[in-house]
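Per-entry structural report
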Amino acid sequence: MNDRFVYVDFGAVRIQHYLTRTPSLRGHRTASDALARATARSTIARVVGDLAEVNEEAGEADGVISLRFPHPTDRAPAKQVHEVQDLVLRHLRSALPGAEFHSVWGTGDSYLFVYAHRLQPRIRRGEVRHDLPPTAEFPLAAPCRMCHVDPAAGVERFPDGPLAVCPDCSQRNVGRGESAADDLTPEGRLRTALGVGAAPKTFTELAALGSAASGRNQLATVAVDGNAFGVFFAALAEGSGQDPELTSLKSSVSAALARATRTALEEAALELAPTQEHERLCVVPHVVGGDDVLVSLPADQAWHFTLTFLQRFGVRVRSATEPVLARLTQVHGTAPEPPTASAGVVFAHASHPLHLSVESAAQRLREAKQAFGGRQSSVQWLDVTADGPDAPPHAPLPLSLLREGDRSTATARALSRLAELPASHRARLAEGLREGGPMIAAMVADRVGHLPTVRPFLPSLDPPDRPPSSGVELGAALGLARWWPCG
Ligand SMILES: [Zn+2]
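As the structure is a prediction and not an experimental result, all values here were calculated from the model. Counting restarts for each chain, with residues numbered from 1 along the sequence as it is written. Under the rules for a predicted model, residues below a pLDDT of 70 receive no local features and side-chain atom pairs below 80 are neither given nor counted, while totals for whole chains, interfaces and linings still include all residues. As a convention, hydrogens and water are excluded, and side-chain values are obtained from all of the structure's heavy atoms.

What about the overall build of the chain?
Selection criterion: Secondary structure elements are taken from DSSP: a helix is a run of H or I of four residues or more, a strand is a run of E of two residues or more, and numbering for both begins at the N terminus. When we talk radius of gyration, it's over C-alpha atoms, and the globule rule is simply 2.2 Å times the number of residues to the 0.38. Here the term buried applies to any residue with accessible area under 20% of the maximum for its type, exposed to any over 50%, and partly exposed to those in between, with areas from a 1.4 Å probe on protein chains only.
Regarding its fold elements, the chain presents 20 helices and 15 strands. Here the chain has a C-alpha radius of gyration of 24 Å; the compact-globule value for 487 residues is 23 Å, and the two agree. Projected onto its principal axes, the C-alpha positions of the chain cover 85 × 65 × 40 Å. Considering the chain as a whole, with its 487 residues, one finds that 54% of them fall into the buried category.

Some words on the sheet that holds strand β2 (residues 53–54)
How we decide: One requirement defines pairing of two strands: DSSP has to find at least two bridges between them. Any two residues whose heavy atoms approach within 4.5 Å at even a single point are treated as in contact. Think of each axis as a best-fit line through the C-alpha atoms, taken over the contacting stretch in the case of a helix, with angles from 0 to 180 degrees between the N-to-C directions.
Spatially, β2-β3-β1-β4-β5 is the arrangement adopted by the five strands of the open sheet, whose pairing is antiparallel. Edge positions in the sheet fall to β2 and β5 (129–131), since each of these pairs with one other strand and no more. Note: strand β1 (residues 5–13) against strand β3 (residues 64–70), seven bridges, orientation antiparallel. Looking at the pairing, D9 lines up with S66 of β3. Contacting β1, β3 and β4 (100–108), helix α5 (residues 111–125) runs over the sheet at an angle of about 130 degrees to β4.

Looking at helix α18 (residues 438–447)
Applicable threshold: Working definition: the arc comes from the directions between the helix axis and the C-beta atoms, pointing outward to the latter.
Among the residues making up α18, those that are buried are A441, A442, V444 and A445. Across the axial projection of α18, the buried residues extend over an arc of 160 degrees, all falling on one side. Contacts made by the buried residues of α18 are with α17 (423–436), α19 (451–454) and α20 (474–481). Positive backbone phi, approximately 80 degrees, marks G449, located one or two places after α18.

Description of the packing of aromatic side chains
Test applied: Only Phe, Tyr and Trp rings take part, Trp by its six-membered ring, and two of them pair if their centres are within 6.5 Å. Stacked means planes under 30 degrees apart, edge-to-face means over 60, and tilted covers everything else.
Throughout the structure, instances matching the rule amount to 11 aromatic pairs. Plain terms: the ring middles of F309 and F313 are 5.7 Å apart, the flat faces sit at 10 degrees to each other, and that makes the pair stacked. In this pair, F309 and F313 are both assigned in helix α12 (residues 302–332), four residues apart and thus about one turn of the helix distant. Note on F309: relative accessible area 2%, which makes it buried. Note on F313: relative accessible area 1%, which makes it buried.

Digging into the coordination of the zinc ion
Note the threshold: Because water is not among the atoms used, a metal site may look incomplete, as its donors are only the N, O and S atoms within 2.8 Å, or 3.2 Å for Na, K and Ca. For a four-donor site, all angles between 85 and 135 degrees give tetrahedral; for four or six donors, opposite pairs above 155 degrees with the remaining angles between 65 and 115 give square planar or octahedral; all remaining cases count as irregular.
At this site the zinc ion is bound by C144 (SG), C147 (SG), C166 (SG) and C169 (SG), with donor distances of 2.3 to 2.4 Å. Classification of the site at the zinc ion rests on its four donor atoms, whose angles at the metal span 104 to 115 degrees, yielding the label tetrahedral.

With respect to the nonpolar core
Note the following rule: For the purposes of this section, nonpolar cores are sets of buried Ala, Val, Leu, Ile, Met, Phe, Trp, Tyr and Cys residues that join through side-chain atoms within 4.5 Å.
Of all hydrophobic cores here, the largest spans 122 residues; its most connected members are L67, L297, W303, F309, F347 and W484. The element contributing the most residues to this core is α12, with 12 residues. Ignoring sequence-local partners within four residues, the contact set of F347 consists of L219, A220, A299, A302, W303, W381, L382, D383, V384, T385 and W483. Formed by eight residues, the second largest nonpolar core is a distinct cluster that contains F5, Y7, A58 and V104.

Details of the pairing of β4
Judged by how many residues are buried, β4 sits mostly within the fold: seven of nine residues are covered. Of the strand pairs in this sheet, β1 and β4 are connected by nine bridges, and their pairing is antiparallel. From the neighbouring strand, F10 faces β4, where its bridge partner is S103.

A word on the domain arrangement of the chain
Quick reminder of the rule: The start and end points of each domain follow an automatic or database-based domain assignment. Summed over both partners, the accessible surface that disappears when two parts come together, traced with a 1.4 Å probe, is what is meant by buried area. In the sections that follow, a salt bridge refers to a side-chain nitrogen of Lys or Arg positioned within 4 Å of a carboxyl oxygen of Asp or Glu. Whenever two N or O atoms come within 3.5 Å, that pair is a polar contact, provided that in protein one can donate a hydrogen and the other can accept it, and provided that, for residues adjacent in sequence, both atoms are side-chain atoms. Classes in brief: Ala, Val, Leu, Ile, Met, Phe, Trp, Tyr, Cys and Pro nonpolar; Asp, Glu, Lys and Arg charged; the others, Gly included, polar.
You can read the domains of the chain as domain 1 (5–131), domain 2 (186–407) and domain 3 (418–481). Once you take the C-alpha centre of each, domain 2 and domain 3 turn out to be 30 Å apart. Residue-level contacts link five residues of domain 2 with seven residues of domain 3. Counting each side, the surface lost to burial between domain 2 and domain 3 is near 490 Å², with a carbon and sulfur contribution of 73%. In this structure, the connection of domain 2 to domain 3 is made through zero salt bridges. Inspection of the region where domain 2 meets domain 3 yields zero residue pairs in polar contact (both at pLDDT 80 or more). The residue makeup of the side of domain 2 that touches domain 3, split by class, is four nonpolar, one polar and no charged.

A closer look at the packing of helix α9 (residues 229–240) against α12
For clarity, the threshold we go by: Less than a right angle of anticlockwise turn of the near helix away from the far helix marks a crossing as left-handed, whereas a clockwise turn marks it as right-handed.
In contact at an axis separation of 11 Å, α9 and α12 are set at 35 degrees when each is read in the N-to-C sense. Between α9 and α12 lies a crossing of left-handed hand. Within the contact between the two elements, α9 uses F229, F232, A235, L236 and G239 and α12 uses F313, V317, T321, V324, L325, L328 and H332. In terms of residue class, the contact of α9 with α12 is made up of nine nonpolar, three polar and no charged.

As for α17
Stated formally: The span one expects for a helix is its residue count, reduced by one, times 1.5 Å.
With 14 residues, α17 extends 20 Å from end C-alpha to end C-alpha; this agrees with the ideal 20 Å at 1.5 Å per step. Of the residues trailing α17, G437 is marked for its positive phi of about 85 degrees.

Points about the environment of Y7
Among the structural elements, Y7 can be located in strand β1. Remark: the alpha-carbon pair of Y7 and A152, spanning 145 residues in sequence, is separated by 37 Å. Once residues lying within four places of it in the same chain are set aside, the contact partners of Y7 are N55, E57, L67, R68, V104, W105, G106, G108, D109, S110, Y111 and V114. Separated by 3.2 Å, the side chain of Y7 and the backbone nitrogen of Y111 make a polar contact.

Focus: the pattern of salt bridges
The final tally for this structure, using the stated rule, is 24 salt bridges. The partner of D86 in a salt bridge is R129, with the nearest N and O atoms 2.7 Å apart. Taken together, the residues span a long stretch of sequence, with D86 in helix α4 (residues 78–95) and R129 in strand β5 at a distance of 43 residues. D86 gets classed as partly exposed once you look at its relative accessible area, which sits at 28%. The salt bridge involving R327 is made with D243; its shortest N-O contact spans 2.9 Å. Placement of the pair is R327 in helix α12 and D243 in the loop between α9 and α10 (244–270), with a sequence separation of 84 residues. With respect to burial, R327 and D243 carry one shared label: buried. In this structure, a network of salt bridges that share partners links the residues E267, E271, R312, R316, R403 and D406.

Okay, structure coming up:
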């Protein structure tokens, strides 16, 4: 007997790299909007017409398209797959001239099963149809003066004068650089949900939404990605083959997880002081995928945002997956842990190229995930302005050390007290630590009466050389304190 459905998925490859390849916020925003619009379900339904339908079994995510059609009874499906791919890839190419896409397909009775057993293995093995930007017509074409990636195809006017640019940068130049307040773009959705005005047009203006004490010229780039979603979906696909109750639960869980990401983003953005003070968005979302988020915001808002997002996301994911995990335990005697998310945070001057911050944030995210084997929510960070782009990494921290439900932990409160010390005192502590280690830093702190504030970050003396009571070494704590919210 035939499988019931043919599933055809499309995805943008290295999308963060693509979105951030031009220097201006305007260019990123136009491309990010174009991606969200081009992959919106309503748009794709028009593009494929009667050949396929939008696959409602998959959760909604920008940059990802999932389609399906009934398996033909009288022929192999490959020809129809190819027709669907031709239509969709042509549409995507015209909307995003410089992006890379791939498409993969498989047949089966449910998307979850097909995704775990057909599509994912094929993507891993590279058995996908690639669609790359056209190469230069002749090899000596000058490179685009905007992105330096693709060859230039024509000269256009930019605010600073005419430039030879590639078709992708040309498309980005046409955009208004201001995200429309509609529900098709990540920024538009967030604005509508929060009922606030648009985010600033440039990175300089975005950094200026920070507090006066922040200097108003530093930005944070936050990259978030889910932990252990693969394990969860594999267990669900496995279990639902034999259990009708799991089969009925699984159709709702993808949608609930995609909603968890958006809701956590909305809540974390709404809670920020500048959002409320200026009644405008102070977080620019570049990518909001399934469990994958990339944003820019003023540096002094980054920790509040990141911890709130991770905590709210965790709560929603736990409640969305709880019935599935309970049923798996009931049927199989065992179930995986609920998935979580981790974050990489990079602080840099507003003029620092976004693609460098994005690459660094992705690296910090990998460090955070690796440190805990993806088994719990965690964070890692780098301050490019203070420590340089190649500073040795600190030990990543588990979210549970910094946030407990909606409340700060003792460690987070100790960091707030450290953040309240004058910056000049913190600089002297850092100098003492560099030159003589924790004991010299302790003497410096004692001399100015700050020892109680610093003690949670010093190695314990009795018994000797135990880790600090806060779980954070002084060097890392001083780094965190630069952008840590005061109490
Ligand atoms: Zn270009």
